[in-house]
Amino acid sequence: MSARKKIVWSAVKCVDLPKAQTKLLIGKVLEYGGKDRKTVKIRALKMVLDDYLKKYFNERCHLLAMDTKQICNIGDLVLIKQLSEEVRKDVLHEVKEKVYSTGDYTDPLTGRKCSGPNYRPEEWPNPIETLKRYAPEEYKRLSPSLENFKMEPIIEKYKKQIENNDNST
């Protein structure tokens, strides 16, 4: 038998987790637990010490949690809290809040929301302001030629094109 501690896994809960460790957990929503979408299956990570190597390793733990507000989607990172009393035999936790939504990506350079490789059309930040904020040296070099540059007509033109494309489909 190896020196590494063996953990007995159940289909819905981590048997080896002490109660102090299960008060609050962060996990990823894997799937909905039932037809009513009020129960979600969540994968949380637990750090387990290997006695031989004296190093911690991640162990996965699958839990069922109640999502009474139905705020979760598959792939979201959520904060779950242990229930004071069991709702069902297999549900021991509830979703407290959504920490991060899947698909809600933000470009780190511009701070704009993305949808795939493109920016979302509802947000049109001024490129001059973006240049001023993230590349001040370039802005100083280009500022004489940018003084007469107006972005509003270009934005209006593209908004009309997007509306026409949406209306035609």
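Per-chain numbering applies: the sequence of each chain, read as written, is numbered from 1 onward. Totals for whole chains, interfaces and linings use all residues, but because this is a predicted model, local features are given only for residues with pLDDT of at least 70 and pairs of side-chain atoms are given and counted only at 80 or more. Heavy atoms from the whole structure form the basis of all side-chain values; hydrogens and water molecules are not counted.

A. Local environment of the pairing of strand β2 (residues 39-50). Strands qualify as paired when DSSP identifies two bridges or more between them. Numbering of helices and strands runs from the N terminus; a helix is a DSSP stretch of H or I covering at least four residues, while a strand is a stretch of E covering at least two. Examined bridge by bridge, strand β1 (residues 24-32) and β2 share 5 bridges and lie antiparallel to one another. Bridging from a neighbouring strand, Val29 pairs with Ile42 of β2. Here β1 folds back onto β2 in antiparallel fashion, the turn holding 6 residues, of which Arg37 has a positive phi close to 60°. Bridge count for β2 against strand β3 (residues 55-66) is 12 bridges, and the pairing is antiparallel. In the strand pairing of β3, Lys46 is matched with Glu59. Here β2 folds back onto β3, and the loop between the two strands holds 4 residues, one of which, Lys54, carries a positive phi near 55°.

B. Summary view of the nonpolar core. Counting residues in each nonpolar core, the largest one holds 12 residues, listed as Leu25, Val29, Val40, Ile42, Ala44, Cys61, Leu63, Ala65, Cys72, Val78, Ile80 and Val95. When contributions to this core are tallied by element, the ones reaching two or more residues are β1, β2, β3 and β4 (77-82). Think of a nonpolar core as a cluster: buried Ala, Val, Leu, Ile, Met, Phe, Trp, Tyr and Cys residues, connected wherever their side-chain atoms sit within 4.5 Å. Between buried and exposed lies partly exposed: a residue is buried under 20% and exposed over 50% of the maximum accessible area for its type, with that area taken using a 1.4 Å probe on protein chains only.

C. Molecular detail of a nonpolar patch on the surface. Residues qualify for a patch when their relative accessible area is over 30% and they have no salt bridge, like charges being joined within 9 Å and the nonpolar side chains of Val, Leu, Ile, Met, Phe, Trp and Tyr within 5 Å. In these tables, accessible area is a Shrake-Rupley quantity obtained with a 1.4 Å probe, and a residue counts as shielded only by the protein chains included in the view. We define a salt bridge as a side-chain nitrogen of Lys or Arg found within 4 Å of a carboxyl oxygen belonging to Asp or Glu. On the surface, Ile26, Leu77, Val99, Tyr100 and Tyr105 cluster together to form a nonpolar patch covering roughly 460 Å² of accessible area. Mapped onto the fold, Val99 is located in strand β5 (residues 93-100).

D. Just the environment of Ile128, in detail. Residue position: Ile128 is located in helix α1 (residues 127-134). By relative accessible area, which is 14% here, Ile128 ends up buried. Separated by 14 residues in the primary sequence, Ile128 and Leu142 place their C-alpha atoms 9.9 Å from one another.

E. Local environment of unusual backbone geometry. One non-glycine residue with positive phi stands out, namely Lys54, at about 55°. Its place among the elements puts Lys54 in the loop between β2 and β3. The class of Lys54 is exposed, set by a relative accessible area of 63%. One non-glycine residue with positive phi stands out, namely Gln70, at about 55°. Along the chain, Gln70 turns up in the loop between β3 and β4.

F. Here's a closer look at the sheet that holds strand β6 (residues 105-106). Spatially, 3 strands are ordered β6-β7-β8 in an open sheet, and the strand pairing comes out antiparallel. This sheet does not close on itself; its edge strands, each paired only once, are β6 and β8 (118-119).

G. Representation of the pattern of salt bridges. Evaluated as defined, the whole model comprises 2 salt bridges. Residue Asp76 is joined to Lys98 by a salt bridge in which the shortest nitrogen-to-oxygen separation is 3.5 Å. With a gap of 22 residues between them, Asp76 in the loop between β3 and β4 and Lys98 in strand β5 connect regions that are remote in the sequence. You can call Asp76 buried: its relative accessible area is 1%. Under the relative-accessibility criterion, Lys98 is labelled partly exposed at 28%. A salt bridge links Asp90 to Arg88; the shortest N-O distance between them is 3.3 Å. On the basis of relative accessibility, which here comes to 26%, the residue Asp90 falls in the partly exposed class.

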